[in-house]
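# Examination of the molecular architecture
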Amino acid sequence: MQGDAILDALRERFGAAVVETHAHRGDHTAVVTRQALPDVLRHCRDDAGLAFDVLMDLTAVDYSRFPGREDGPRFEVVYHLYSIRHNHRLRLKTRVDEDDPVVPTAVGLWPIADWLEREVWDMFGVRFEGHPDLRRLLLYEEFSGHPLRKDYPINRRQPLIGPRV
Amino acid sequence: MGVGSFFTTKLDEAIGWARKYSIFQYPFVTACCGMEYMATACSHYDIDRFGAGLPRFSPRQADVLFVVGTISHKMAPVLKRIYDQMTEPKWVVAFGVCTCTGGFYDNYATVQGIDTIIPVDVYIPGCPPRPESVIDGLMKLQEKIAAGAQRF
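In this report, the structure presented in the accompanying data block is examined. Computed from a prediction, not measured in an experiment: that's the story for all the values here. (Residues numbered from 1 in each chain as written. Chains lettered and ligands numbered in written order. Predicted model: local features only at pLDDT ≥ 70, side-chain atom pairs only at ≥ 80, totals over all residues.)

Residue and element names in this part refer to chain B. One open sheet holds the 4 strands; their spatial order is S1-S2-S3-S4, and the pairing between them is parallel. Of all strands in the sheet, those bounded by a partner on one side alone are strand S1 (25–29) and strand S4 (122–124). Neighbour-to-neighbour, the strand axes of the sheet open up by a mean angle of 15°, direction not taken into account. Note: strand S2 (residues 64–68) against strand S3 (residues 91–95), 5 bridges, orientation parallel. For Val68, the partnering residue across the bridge sits in S3 and is Phe95. (Pairing = 2+ DSSP bridges. Helix = DSSP H or I, 4+ residues; strand = E, 2+ residues; numbered from the N terminus. Axes fitted to C-alpha atoms, helices over the stretch in contact; angles between N-to-C directions.)

Structure representation (structure tokens):
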């Protein structure tokens, strides 16, 4: 399916839950509300015409210092989907506020989301509701803060950790 | 000076001399400095001339720990354990600026100098250090070993 047709199909099915769509040089993006996200993801995976069977990447962006978006929702969680069957791609985004950075988990749909969501929690402090084991992935438990947030001081010192027993 | 102290002094000297030409290093290689370490170890620069030609890939059989490359906070406990596993006498060489001070990685992930974790005998700066500076550092370490300077 062509990218524009994918976006049309999503808009038609989910209506107002699709907040915004855009296409840039062949990359098609849909921004959906957090409430609709599990349904949209499940539809993307299970619909025969879409059949996004691979979650290629799950990451986040901190827009707190992005020109023109300082006041808006702080985080954007980004899903990159790929369909092996149809050889097409889609980028899905959802926006969350700083005081409530919670997104429903996608572990039940794509098992790879397990580690990707743990990484996003580790780096951005965005929590994933329903995740079976939301621990830090790359950093260690003694680490305080989330280093890819824009307000994390670049040279903050963290406690050294000794050998694990 | 009595005969006894003359004997022990000369014995220490002999042991120091022997030790400085039989360095078995453990290369703890984590980053790009490893390439420079390999260049130094291979035939062109040939650290075998200094008796350091045989790296042992077990800390229990090594007496010099070469820390080569950036050490992250998550790697720090591993490095500490490797150091603890080495038998005495043991020496540590910090190879490259990342191990000396953290280098330009002034960020959340990097240990700001391995001397915050383990004692260091010789610092070899450079990003990465030229083989000549590595050999210079090795010779300084040899002097230290021959003088019997060790910490244990």
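Alright, that's what it looks like, and here's the rest.
All names here are of chain B. Taken N-terminus to C-terminus, the directions of helix H2 (residues 33–41) and helix H5 (residues 131–146) make an angle of 75°; their axes are 9 Å apart at the nearest point. For the element pair H2 / H5, the angle class is roughly perpendicular. Along its contact with H2, which presents Glu36, Ala39 and Thr40, the element H5 presents Pro131, Val134 and Ile135. Looking at the contact of H2 with H5 residue by residue, the class counts come to 4 nonpolar, 1 polar and 1 charged. (Parallel < 35°, antiparallel > 145°, perpendicular 65-115°, else oblique. Contact = placed C-beta atoms within 7 Å. Nonpolar A, V, L, I, M, F, W, Y, C, P; charged D, E, K, R; others polar.)

This part is about the nonpolar core. By size, the foremost hydrophobic cluster in this structure holds 37 residues, and its most contacted members are B:Leu65, B:Phe66, B:Val67, B:Val93, B:Ala94 and B:Phe95. Breaking this core down by element, the ones donating at least two residues are S1, H2, S2, helix H3 (76–85), S3, helix H4 (97–101), S4 and H5 of chain B. Counting residues in each nonpolar core, the second largest holds 30 residues, with A:Ile6, A:Leu37, A:Leu41 and A:Val120 among its members. (Core = buried A, V, L, I, M, F, W, Y, C linked by C-beta atoms within 7 Å. Buried ≥ 20, exposed ≤ 12 C-beta atoms within 10 Å, placed from the backbone.)

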